[in-house]
Amino acid sequence: MPRIYCDQALHNGVQLTLSREASRHVQVLRMQPGQTVQLFDGRGGEYEAAIVQMGRQSVDVAVGEHHNIEREANRAVHLAVCMPANERMDWLVEKAVELGVASITPLMSQRSVVKLSGERALKKQQHWQAIAVAACEQCGRNLVPHIALPQALNTWLGAWSDAQTQTQAQAPTQTGPRTGTEPALPAQRFVLSLQTSPTTAPASQHITSAQAPVWVLNGPEGGLSEQEEAQAIAAGWLPLSLGTRVLRAETAALAALVQLA
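Treat the numbers as computed from the prediction; the structure is a model and nothing was measured. Residue indices begin from 1 for each chain and proceed along its sequence in written order. Where local features are concerned, this predicted model is filtered to residues with pLDDT of at least 70; where side-chain atom pairs are given and counted, the filter is 80 or more; whole-chain, interface and lining totals use all residues. Each side-chain value is worked out from all heavy atoms of the structure, with water and hydrogens disregarded.

Draft legend 1. Representation of the packing of aromatic side chains. Ring pairs shown here join Phe, Tyr and Trp side chains whose ring centres sit within 6.5 Å, with only the six-membered ring taken for Trp; geometry is labelled stacked below 30 degrees between planes, edge-to-face above 60, and tilted in between. Per the stated rule, a full pass over the model turns up three aromatic pairs. Ring centres of W156 and W215 lie 6.0 Å apart, and the angle between their planes is 45°; on these two criteria the pair is classed as tilted. Placement of the pair is W156 in helix α4 (residues 153–166) and W215 in strand β12 (residues 214–218), with a sequence separation of 59 residues. On the accessibility criterion, W156 (0% relative accessible area) is buried. With a centroid separation of 5.5 Å and 50° between ring planes, the pair formed by W156 and W237 is classed as tilted. Taken together, the residues span a long stretch of sequence, with W156 in helix α4 and W237 in the loop between α5 (226–234) and β13 (238–241) at a distance of 81 residues. By the ring-pair criterion, three or more aromatic residues cluster together here, those being W156, W215 and W237. Secondary structure elements follow DSSP: runs of H or I no shorter than four residues count as helices, runs of E no shorter than two count as strands, and numbering proceeds from the N terminus. The buried label applies to any residue whose accessible area, calculated with a 1.4 Å probe on protein chains only, is under 20% of its type's maximum; exposed applies above 50%, and partly exposed to all values in between.

Below, the structure written as structure tokens:
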């Protein structure tokens, strides 16, 4: 049964017109009235829906039974990644969503090749959010991870430091100080490090709770600068090693996700 994301709130017994993108999806599959699709709105669970009318550019469906099914990872892992160049960020978003990431925050650091601001940053965010939706349709997730607006690494780390200074009961969200919709503290925080030191250890040696959410900060090609890594550690991020091999930036983020989720 085809799975389709619906950007409208779904309820049993409601009849609605799918968005242009969702309607196009149904039309490409050459479906007909009477056939059923699986809809999810990102608010939890999924719905059976019957096609009731096929228009030239729209599809009407009758929403049926809700199934309280989730396919989330055992632990909420949030990735904060200094954006890799070319199409690698698209690939990272897609695969991270398939692997169960809770959210992704795109960052720009001293060594970042990709620099985004203004309308270009907003368009990229929307593009990556659409990739996350498509990945959820494919892999069966019903909760769509949030892709944050790209921002500067030092600004983002500063928000964590400010939140810690104000109160130990607050944690930054995907884009800064806590809003109340994300996991509460204690959240474990790691910065992927290429440095060899007594405090740099494998993930398995640092995890203290089976349920605590985890944040992973990963640098760009070439890694974080010494100053940036020091800033992260000073803000409470623990240096984390993924082993003796040097991984590409996008591979390292996914490897950490798999180990920690």
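Draft legend 2. Summary view of the pairing of strand β6 (residues 77–82). Within β6, six of the six residues are buried, which leaves it mostly tucked inside the rest of the structure. On β6, burial covers both faces: V77, L79 and V81 on one face and H78, A80 and C82 on the other are all buried. Here a strand pair is declared whenever DSSP counts at least two bridges between the two strands. In terms of strand pairing, β6 meets β12 through five bridges, oriented parallel. Looking at the pairing, V77 lines up with V214 of β12. The sheet contact formed by β6 and strand β7 (residues 103–108) spans five bridges and is parallel. By the bridge assignment for β7, A80 is matched with T105. The β-α-β motif built from β6, the intervening helix α2 (residues 88–98) and the parallel element β7 has right-handed crossover chirality. With the strands aimed away from the viewer, a crossover counts as right-handed if its path from the first strand over the helix to the second runs clockwise.

Draft legend 3. Spatial organisation of the nonpolar core. Among the nonpolar cores identified, the biggest contains 34 residues, and L79, V93, A96, I104, W128 and V216 are the most heavily contacted of them. Of all elements in the fold, only β6, α2, β7, α3 (118–139), β10 (188–192), β12 and α6 (249–260) reach the threshold of two or more residues within this core. We call two residues in contact when some of their heavy atoms are within 4.5 Å. The contact partners of A96, leaving out residues within four places of it in the chain, are L79, V101, I104, R141, L254 and L257. Among buried residues, the Ala, Val, Leu, Ile, Met, Phe, Trp, Tyr and Cys ones that are joined through side-chain atoms within 4.5 Å form a nonpolar core. Among the nonpolar cores identified, the runner-up in size contains 16 residues, and C6, M31, A49 and V63 belong to it.

Draft legend 4. Examining the side chain of S225 more closely. Here S225 is to be found in the loop between β12 and α5. Take S225: its relative accessible area is 3%, and that puts it in the buried class. Separated by 3.4 Å, the side chains of S225 and Q110 make a polar contact. Setting aside residues up to four positions removed in sequence, S225 forms contacts with Q110 and R111. Within 3.5 Å is the distance limit for a polar contact, defined as a pair of N or O atoms, with the added protein rule that one can donate a hydrogen and the other accept it, and that residues adjacent in sequence qualify only through two side-chain atoms.

So far we have only geometry, and geometry alone does not tell us how the molecule works.
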